[in-house]
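Residue-level structural notes
Here is what each chain is made of, one letter per residue.
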Amino acid sequence: MSVNSLKLGVAAALAMLSAPIASAQEALSPDETAALCHGGGSICVSATIPVARTTQTVQSWMSPDVGAAWAAGYKGKGVTITMVDDFSSTSRFSGNFGIGVQTQRHGEWTREEASMIAPAATIRSKDFSTGTYVPLAGGRNVLNLSYGMYTTAGYSVNQIGWAPEEASIITYATRGSAIVSKAAGNDAVAVGAAINGQQDYLDLALIGKSTAIFVGALSTNGTTANKAQLAWYSDYAGANTQVQSHFLVVGVEGDKTGLYGTSFAAPIISGYAAIIGSKFTKATPVQITNDLLNTARTDTLVNYDPSVYGKGEASLSRALAPVAIR
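Report on the accompanying structure. No experiment lies behind these values; they were computed from the predicted model shown.

1. Considering the overall build of the chain
Secondary structure summary: the chain contains 13 helices and eleven strands in total. Taking contacts inside the chain between residues at least 6 apart in sequence as the whole, the part at least 24 apart equals 78%. Surface exposure of the chain reaches about 11700 Å², of which carbon and sulfur atoms provide 51%.

In structure tokens form, the structure reads like this:
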């Protein structure tokens, strides 16, 4: 199957991944969800788009670990996060990350979230409607994918004619050149499973890749006293042990922000990866990925099961605890 057919088929499912539950305040119409996939033409092409920096305040939707990391001096400096997302369509929805209600495109929301978690990281924006390859910056790189590539179920990944955009992302995850934080999906199925006759082939292509992390959503940030559970909409790890070993969950507290979906889980992991990279300045993407995965918590989750939660809830404090990582 050609990538053009895949891109044309992705619109409705992409909307399920990010748009309808992205905001409790505003849903997208069918025409608007189609624009999410196709965009209004290329305007970003991996350009660095300035992000309006907010004051560095730990918001109520964040894990307290974020504030502890900042206090220790780790804010993502020296790491580049590239957001591959919608930066050109006419589709916008409302939410509030604690700095006032805004109405923005999907990519503008995910970009802002990552920048709030890792305020010293360099943030780049790549409009996903272009299909062009995703270049890496000098130094350490994190790629945020809060979207999916859906088409008719039943194809082999090898049958997909990837555009340079996704082909480059898959190559980076395979070679360990960049950390790839991928939203798990919002269909309440196992990663890679078919839903309504469609599959996310970007999920399937990233399974088993050394620096790919699938990110599910918890309804809250978990603690040992108040354990969290998987959000009702979130995809889960499933029976595939390769997925389980690269699956993390984080709190997406949409009751505070009006923003729901695993689209808003992935940027948290992207921010965490940048923060870890700002402490372990000689660590490779593989080492940072493994540090995040191997330090995840299971004691903050309701009825922990690896087929649901994978490695567990990402713990920034535990990931930053070692003197060095290998």
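2. Observations concerning the nonpolar core
Grouped together as the largest cluster of nonpolar side chains are 49 residues, with contacts concentrated most on Ile81, Ile269, Tyr272 and Ile276. Those elements giving two or more residues to this core turn out to be helix 4 (64-71), strand 1 (79-85), helix 5 (106-117), strand 9 (212-218), strand 10 (247-251), helix 10 (266-279), helix 11 (285-294) and helix 13 (316-320). Non-local contacts of Ile269, meaning those with residues more than four positions away in its chain, are made with Ser181, Ile213, Val215, Leu248, Val250, Leu292 and Ala314. With 33 residues, the next largest nonpolar core counts Val134, Ala173, Val191 and Leu218 among its residues.

3. Remarks on the packing of aromatic side chains
Counted by the stated rule, this structure contains seven aromatic pairs. Look at Phe93 and Trp109: their rings are 6.5 Å apart centre to centre, the planes differ by 20°, and that puts the pair in the stacked class. Within this pair, whereas Phe93 is found in strand 2 (residues 93-95), its partner Trp109 is found in helix 5, the two being separated by 16 residues in sequence. Owing to a relative accessible area of 1%, Phe93 belongs among the buried residues under this scheme. An aromatic cluster is defined as three or more aromatic residues linked by ring pairs; in this entry it consists of Trp61, Phe93, Phe97 and Trp109.

4. Thoughts on the sheet that holds strand 7 (residues 179-183)
Here seven strands make up an open sheet; going across it, the order is 4-1-5-7-9-10-11 and the pairing parallel. The sheet is open, and its two borders are formed by strand 4 (122-127) and strand 11 (312-313), each paired with just one other strand. Where strand 1 meets strand 4, six bridges bridge the pair, whose relative direction is parallel. Residue pairing across strands places Thr80 opposite Thr122, the latter belonging to strand 4. The sheet contacts of helix 10 involve strand 1, strand 5 (140-145), strand 7, strand 9 and strand 10, and relative to strand 5 the element is tilted by about 175°.

5. Some thoughts on helix 10
Counted at 1.5 Å a residue, the expected span for helix 10 with its 14 residues is 20 Å, and the 21 Å between its end C-alpha atoms agrees. Within helix 10, 13 of the 14 residues are buried, leaving the element largely enclosed by the surrounding structure.

6. Comments concerning unusual backbone geometry
Of note, Ala188 is a non-glycine position whose phi angle comes to about 55°, a positive value. Considering the arrangement of structural elements, one finds Ala188 in the loop between strand 7 and strand 8 (198-200).

7. A look at the pairing of strand 1
Strand 1 sits mainly inside the fold: seven of its seven residues count as buried. The alternating pattern of strand 1 places Val79, Ile81, Met83 and Asp85 and Thr80, Thr82 and Val84 on opposite faces, both of which are buried.

8. Here we look at the environment of Asp305
Within the secondary structure, Asp305 sits in the loop between helix 11 and helix 12 (306-309). The exposure class of Asp305 is partly exposed, given its relative accessible area of 31%. Spatially, the C-alpha atom of Asp305 lies 9.8 Å from that of Gly238, the residues being 67 residues apart in sequence. Here Ser307 takes part through its backbone nitrogen, which lies 2.8 Å from a polar atom of the side chain of Asp305.

Each value, and the rule that gives it
Residue numbers here run from 1 along each chain, matching the order of that chain's written sequence. pLDDT decides what is reported in this predicted model: residues at 70 or higher carry local features, side-chain atom pairs at 80 or more are listed and counted, and totals for whole chains, interfaces and linings draw on all residues regardless. Processing note: side-chain calculations cover all non-hydrogen atoms of the structure and skip hydrogens and water entirely. Where helices and strands are cited, they refer to DSSP runs of H or I of at least four residues and of E of at least two residues respectively, numbered from the N terminus. What makes two residues a contact is simply this: any of their non-hydrogen atoms within 4.5 Å. Each accessible area is a Shrake-Rupley estimate made with a 1.4 Å probe; only the visible protein chains count as cover when residues are assessed. Residues belong to a common nonpolar core when they are buried Ala, Val, Leu, Ile, Met, Phe, Trp, Tyr or Cys residues joined through side-chain atoms within 4.5 Å. Burial classification: accessible surface area is computed with a 1.4 Å probe over protein chains only, and a residue below 20% of its type maximum counts as buried, one above 50% as exposed, and the rest as partly exposed. Any two of the Phe, Tyr and Trp rings considered here, Trp counted by its six-membered ring, make a pair once their centres fall within 6.5 Å; the pair's planes then place it as stacked at under 30 degrees, edge-to-face at over 60, or tilted in between. What makes two strands pair is DSSP finding at least two bridges between them. Here, axes are lines fitted to C-alpha atoms. For helices the fit covers the stretch in contact, and angles between N-to-C directions go from 0 to 180 degrees. To estimate how far a helix should reach, multiply one less than its number of residues by 1.5 Å. Under the rule applied, a polar contact is a pair of N or O atoms within 3.5 Å (in protein, one hydrogen donor and one hydrogen acceptor; residues adjacent in sequence only if both atoms are side-chain atoms).

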